[in-house]
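If you want the building blocks of each chain, they are given just below.
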Amino acid sequence: MYYTCSVFRIKTSFRNKLSLIMEPLDIPQYFLSIVRQNPELSAAVAAIKTLLKVIKCEPAETLVGLRDNLTKATASIKQTDSSITSVSSACELFLRFITLTSMEPRDFQVCKQTLIERGEVFLLKIQSSREKIAKLCHPFIQDGSVILTHSRSRVVLQTLIQAARAKKRFKVFVTESCPDKSGYQMRDSLNSEDIPCTVILDSAVGYIMEKVNFVMVGAEGVVESGGIINKIGSYTTAVCAQMSNKPFYVLAESFKFARMYPLNQQDVPNHFKYPASILSKGDTTKEHPKVDYTPPSYITLLFTDLGILTPSAVSDQLINLYL
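Residues numbered from 1 in each chain as written. Predicted model: local features only at pLDDT ≥ 70, side-chain atom pairs only at ≥ 80, totals over all residues. Heavy atoms only, no water.

A.B. asks: Could you clarify how one ought to interpret the overall build of the protein in this entry?
C.D. replies: What the protein contains, in helices and strands, is 14 helices and 10 strands. Relative to its full complement of 323 residues, the protein shows a buried share of 49%. Pairs at least 24 residues apart make up 75% of the contacts formed inside the protein by residues separated by at least 6 positions. Summed over its atoms, the accessible surface of the protein is roughly 16300 Å², and 55% of this surface lies on carbon and sulfur atoms. (Helix = DSSP H or I, 4+ residues; strand = E, 2+ residues; numbered from the N terminus. Buried < 20%, exposed > 50% of the residue type's maximum accessible area, 1.4 Å probe, protein only. Contact = heavy atoms within 4.5 Å. Areas by Shrake-Rupley, 256 points an atom, 1.4 Å probe, with all protein chains shown as cover.)

Written out as structure tokens, the structure is:
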């Protein structure tokens, strides 16, 4: 009797564990929870972590079914009000990285484990991108430099912090960056590292440009032409920099390289320019876009984890990334 009860308990316990494993994953909520718990984490990295969770939890039985689940998961992440430009490119690169390499094992569970291992490698690679860029870029910051940056970029912040810890003395101007005024967050982050920083109005970019040595901005996406999609106001800043003969540097991770070729502002798709909550209402005429497009002719250099690139070199790197 005791033996029978023990077997029953084991079977019941197994069924309970199985039900927990098979419980559907709320993908948007899981993604948003990662973003909330790690404010300094890129939305693209959070998206990759979500896709890895999908691989581990979704009950697909074939590679085709698993890829279909990942595609649907990516679509659901894009329905959140996050940086869709970087999320789209990172997810596409992730899918190619883990699924396009040949798979010798025929057992699906073995293949699935291989995909998870490849996904972990990809995640580690993109998480180290910011540090690589900071090491490449901070030598360009000299003692006495005056730098203008736009909005709040995590990779720009890390680069400036690394330069300051190398005992370099410099000053930073940061735009207010309406409508979310993220420039104040950048100022607070810099001040916490004892880096002198002043917030200026977005409309004061032209006025302040003659005082700075160069402009340094991040990017939400780098397109095939070598131009960038970034926080609204980046294009204006780049135009002012060129008119004042000041270098305009872009710091961007390679997972933000996107297979797009916009020719002007209208060529940038609406789902990149507006949050999903706005697009769902069907009328964007009364809303302000979150990003704009800066053509390659205004960009001096791009600092990436693949190296220091000219805008014309981006297309070659994109080909290598998507091979």
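From this point on, the discussion continues.
A.B. asks: Quick question: what am I supposed to make of the environment of glutamate 176 here?
C.D. replies: Relative to the elements of secondary structure, glutamate 176 occurs in the loop between strand 2 (170-175) and helix 9 (182-191). If we ignore the near neighbours within four places in the chain, the residues touching glutamate 176 are Lys181, Ser182, Gly183, Tyr184, Val199, Ile200, Leu201 and Asp202. Within polar-contact distance, the side chain of glutamate 176 engages the side chain of tyrosine 184 at 3.4 Å. (Polar contact = N/O pair within 3.5 Å; in protein donor to acceptor, adjacent residues only side chain to side chain.)

A.B. asks: Could you clarify how one ought to interpret the sheet that holds strand 6 (residues 228-231) in this entry?
C.D. replies: By definition, the strands of a sheet pair up through backbone hydrogen bonds, in either a parallel or an antiparallel sense. If you trace the 3 strands from one edge of the open sheet to the other, you get 5-6-8, paired in antiparallel fashion. Single-partner strands in this sheet number two, and they are strand 5 (221-222) and strand 8 (291-294). Relative to strand 6, strand 5 runs antiparallel, the two being bridged by 2 bridges. Counterpart to valine 222 in the pairing with strand 6 is isoleucine 228. Where helix 11 (residues 234-243) meets the sheet, its contacts fall on strand 6 and strand 8, and the angle it forms with strand 8 comes to roughly 35°. (Pairing = 2+ DSSP bridges. Axes fitted to C-alpha atoms, helices over the stretch in contact; angles between N-to-C directions.)

A.B. asks: I'm lost on helix 7 (residues 129-137) in this one. Help?
C.D. replies: Quick reminder: α-helices carry 3.6 residues per turn. Residues three or four places apart thus point the same way. Where helix 7 is concerned, the buried positions are Ser129, Arg130, Ile133, Ala134 and Cys137. Angularly, the buried residues of helix 7 cover 135° about the axis, an arc narrow enough to put them on a single face. On the buried face of helix 7, the contacting elements are helix 6 (108-127), helix 8 (154-165), strand 4 (214-217), strand 7 (248-251) and strand 9 (301-304). (Arc of directions from axis to C-beta.)

A.B. asks: Whenever I open this one, unusual backbone geometry confuses me. Can you help?
C.D. replies: The bulk of non-glycine residues show a negative phi, and the bulk of peptide bonds are trans. In this chain, cysteine 178 is followed by proline 179 through a cis amide linkage whose omega measures 10°. Within the fold, proline 179 resides in the loop between strand 2 and helix 9. Although it is not a glycine, serine 177 sits at a positive phi angle of roughly 65°. Exposure remark for serine 177: the relative accessible area of 0% places this residue in the buried category. Notably, asparagine 245 is not glycine yet its phi reads approximately 55°, a positive angle. Turning to its location among the elements, asparagine 245 is positioned in the loop between helix 11 and strand 7. Classification of asparagine 245 as exposed rests on a relative accessible area of 68%.

A.B. asks: Explain the sheet that holds strand 7 here, please?
C.D. replies: Sheet architecture is open: 7 strands sit in the order 3-2-1-4-7-9-10, paired in mixed fashion. Whereas interior strands pair on both sides, the edge strands pair on one side only; in this sheet they are strand 3 (197-200) and strand 10 (307-309). Direction aside, the axes of adjacent strands within the sheet are offset by 25° on average. Alignment of strand 1 (residues 145-149) against strand 2, held across 5 bridges, turns out to be parallel.

A.B. asks: Help me understand helix 4 (residues 63-77) in this model?
C.D. replies: Between its first and last C-alpha atoms helix 4 spans 21 Å; for 15 residues at 1.5 Å apiece the expected length is 21 Å, and the two agree. Of the positions making up helix 4, those classed as buried are Leu66, Asn69, Leu70, Ala73, Thr74, Ser76 and Ile77. Across the axial projection of helix 4, the buried residues extend over an arc of 160°, all falling on one side. Seen from the open side of helix 4, the exposed residues pointing more than 90 degrees away from its buried face are Val64 and Lys72. Packed against the buried residues of helix 4 are helix 2 (27-37), helix 3 (43-57), helix 5 (84-99) and helix 6. (Expected span 1.5 Å × (residues − 1).)

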